[in-house]
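As a plain string of letters, each chain reads:
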Amino acid sequence: MNLADLNKVALAMVTPGKGILAADESSGTIKKRFDAIQVESTEQSRRDYREMLFRSQEAMSQYISGVILYDETIWQEAKDGTPLIRLIEQSGAIPGIKVDEGTQALPGCPGELVTAGLDKLAERLKKYYERGARFAKWRAVIDIGPGTGGPGTSGPGTNGPGIPTMTAIHVNAHALARYAALCQAAQIVPIVEPEVLMDGDHDIDRCYEVTQRVLDETFRELRVQRVELEGMILKPNMAIAGKKCAKQASVQEVAEKTIRLLKACVPAAVPGIAFLSGGQSDEDATAHLSAMNRIGGLPWRLTFSYGRALQAAPQKAWSGKAENVAAGQRAFTHRARMNSLASRGEWKADLEKKAA
Ligand code: 13P
């Protein structure tokens with residue numbers, strides 16, 4: 001392993017003013033997205049859609065540092081025969097690859113999941129590196145169960161049979177660290193993504209407390225398994241209330257609590273943190289990132305690694321029609337530019353209105 005080179009790639013992934021496009025939806029997930037815009041999901045429609053994104057010259061060269069691909073996409077060719085991965089390289093962005101194989105039920109923990117994909121991972125990483133991937137992603141999913149205590153009642157040990165269990169947190173952290181160690185041995189920068197879902201009715205403080213336990217356990221496992229922190233990127237959720245919670249936190253509260261949480265849990269040796277959007281609205285995801293970067297004085301660079309918050313608008317504008325490619329690219333470029341500004345703490349709401 002060459003740590004200096006891993007660190008160089010990690011720093012490039014969080015270049016100021018740039019962030020990561022998560023275009024690594026599995027075939028099942030992209031079908032759901034295409035269903036919403038009434039587009040049939042075929043190998044060709046998936047290729048056409050992603051080719052549209054990767055050929056968005058302004059977005060890709062100015063605002064996007066890296067692209068996370070799905071296995072199908074990394075082997076696919078554009079209409080003119082150019083491998084899609086070469087389009088990404090030509091734009092100046094770094095190609096990456098999702099290597100987890102989705103989630104499975106966790107035995108003994110009803111309702112909880114563990115991420116699969118460690119089998120033969122070393123061999124797969126070697127093939128992806130040869131194809132051009134320089135970073136990878138693995139997502140662990142932690143759910144917050146309903147009604148397991150509000151602020152003041154939800155400390156560690158008071159969950160009883162509630163979700164998440166410490167078992168689920170531990171096995172997922174262990175798998176993340178196993179994956180990260182294998183990536184570094186293959187000269188690939190791991191994006192370590194422990195996602196605490198925002199699907200429930202929990203408030204922001206409950207999310208804070210669960211995320212703290214998840215991050216603490218993740219960094220403990222990374223240390224045990226000798227992962228070099230300078231050669232990785234963390235992809236966390238923000239501290240945010242569940243979608244079904246009646247009391248939603250303000251942008252400033254999300255920003256302040258997320259920064260406080262990350263300062264408590266993430267060593268300064270980590271070069272960068274690239275957030276997932278997790279089901280936030282496009283504008284919320286941008287506003288939260290900008291507010292955090294406005295706080296400033298942080299030991300790591302903070303940027304985006306958004307899937308839905310970068311792609312919902314271009315998907316709608318494109319809607320599967322060749323004549324809409326330019327409109328789709330404009331929509332993608334706009335969201336990428338807004339998030340680029342947010343990565344510098346310079347986004348303002350009226351920039352959205354002006355563009356509309
Ligand atoms: P979202 O931004 O849509 O949450 O996707 C990011 C991602 O890569 C999830 O693994």
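Just above sits the structure.
Please read all numbers here as calculations on a predicted model, not as lab measurements.

Engineer: What is the right way to read the packing of aromatic side chains from this model?
Structural biologist: The geometry of an aromatic ring pair is captured by two quantities: the separation of the ring centres and the angle between the planes. This model, assessed by the stated rule, comprises 6 aromatic pairs. Taking 5.2 Å as the distance between ring centres and 40° as the angle between the ring planes, the aromatic pair formed by Y49 and W318 counts as tilted. Pair noted here: Y49 is in helix α3 (residues 43–54) and W318 is in helix α12 (residues 308–318), with a separation of 269 residues, a long-range link. For the pair Y49 and W318, one class covers both residues: buried. Ring centres 5.8 Å apart and planes at 40° place the aromatic pair F304 and Y306 in the tilted group. We note that F304, like Y306, is buried. Cluster of aromatic residues (ring-pair linked, three or more members): F34, Y49 and W318.

Engineer: Teacher, can you tell me more about the packing of α3 against α12 here?
Structural biologist: A pair of packed helices can be characterised by two numbers: the angle between their axes and the separation between those axes. Relative orientation of the contacting elements α3 and α12 amounts to 115°, with a least axis distance of 11 Å. Remark: the crossing between α3 and α12 carries right-handed chirality. Each of S45, D48, Y49, M52 and L53 in α3 lies in contact with α12, whose residues at this interface are Q311, P314, Q315 and W318. Residues belonging to the contact of α3 with α12 are distributed by class as follows: 5 nonpolar, 3 polar and 1 charged.

Engineer: How should I be thinking about the packing of helix α9 (residues 204–224) against helix α10 (residues 251–265) in this particular structure?
Structural biologist: Where α9 contacts α10, the axes come no closer than 10 Å and their chain directions differ by 25°. In terms of orientation, α9 lies roughly parallel with respect to α10. Here α9 runs over α10; the crossing is right-handed. Listed contacts from α10 to I204, D205, Y208, T211, Q212, L215, D216 and F219 of α9 are E253, V254, K257, R260, L261, L262, A264 and C265.

Engineer: Mind showing me how you'd approach the site of the ligand here?
Structural biologist: As a matter of local geometry, the ligand sits amid 13 residues, with K137, K235, S277, G278 and R308 nearest to it. In this structure, an oxygen atom belonging to the ligand sits 2.4 Å away from a side-chain N or O atom of S277. Alone, the ligand offers 300 Å² of accessible surface; in the complex the protein occludes 92% of this.

Engineer: So what exactly am I meant to see when it comes to the environment of M166 here?
Structural biologist: Locating M166 in the fold gives a position in helix α8 (residues 166–185). C-alpha separation for the pair M166 and C109, spaced 57 residues apart in sequence, amounts to 10.0 Å.

Engineer: Explanation requested: helix α7 (residues 121–131) in the structure shown.
Structural biologist: One turn of the α-helix equals 3.6 residues, which is why residues spaced by three or four share an orientation. Within α7, the full set of buried residues consists of L121, R124, L125, Y128 and R131. All buried residues of α7 project into a common sector of 120° when viewed along the axis, lining one side. Turned more than 90 degrees away from the buried face of α7 sit K126 and E130, all of them exposed. Next to the buried residues of α7 lie α5 (71–74), α6 (84–91), β3 (94–98), β6 (135–142) and α8. One or two residues past the end of α7 sits G132, with phi positive at roughly 125°.

Thresholds, definitions, all that
- Counting restarts for each chain, with residues numbered from 1 along the sequence as it is written.
- In view of the model being predicted, local features appear only for residues whose pLDDT reaches at least 70, and side-chain atom pairs are presented and counted only at 80 or more, with totals across whole chains, interfaces and linings using the full set of residues.
- The side-chain figures draw on all heavy atoms in the structure; neither hydrogens nor water molecules are used.
- Only centres within 6.5 Å qualify two rings of Phe, Tyr or Trp (six-membered ring in Trp) as a pair; their planes then separate them into stacked at under 30 degrees, edge-to-face at over 60, and tilted for everything else.
- Numbering of helices and strands starts at the N terminus; helices are DSSP runs of H or I of at least 4 residues and strands are runs of E of at least 2.
- Only protein chains enter the accessibility calculation, which uses a 1.4 Å probe. A residue is then buried if its area is under 20% of the maximum for its type, exposed if over 50%, and partly exposed in between.
- As a rule, the C-alpha atoms of each element are fitted with a line to give its axis, helices using only the stretch in contact, and angles between N-to-C directions run from 0 to 180 degrees.
- Crossing handedness: left-handed means the near helix sits turned counterclockwise from the far one by under a right angle, and right-handed means the same turn made clockwise.
- The contact criterion used throughout is that any non-hydrogen atoms of two residues lie within 4.5 Å.
- Amino acids outside the nonpolar list (Ala, Val, Leu, Ile, Met, Phe, Trp, Tyr, Cys, Pro) and the charged list (Asp, Glu, Lys, Arg) are all regarded as polar, and Gly is one of them.
- Every angle not falling under 35 degrees, over 145, or within 65 to 115 is termed oblique; those three ranges are roughly parallel, roughly antiparallel and roughly perpendicular.
- Neighbouring residues are identified by heavy atoms, a residue being near a molecule or strand if any of them is within 4 Å of it.
- N or O atoms within 3.5 Å of each other form a polar contact, as long as, within protein, one can give a hydrogen and the other can take it, and as long as residues adjacent in sequence are counted only when both atoms are side-chain atoms.
- To be clear on the numbers: accessible area is Shrake-Rupley with a 1.4 Å probe, and residue cover counts the displayed protein chains and nothing else.
- To be clear, the arc concerns the directions from the helix axis to the C-beta atoms.

Treat this as a map of the structure, not an account of what it does.
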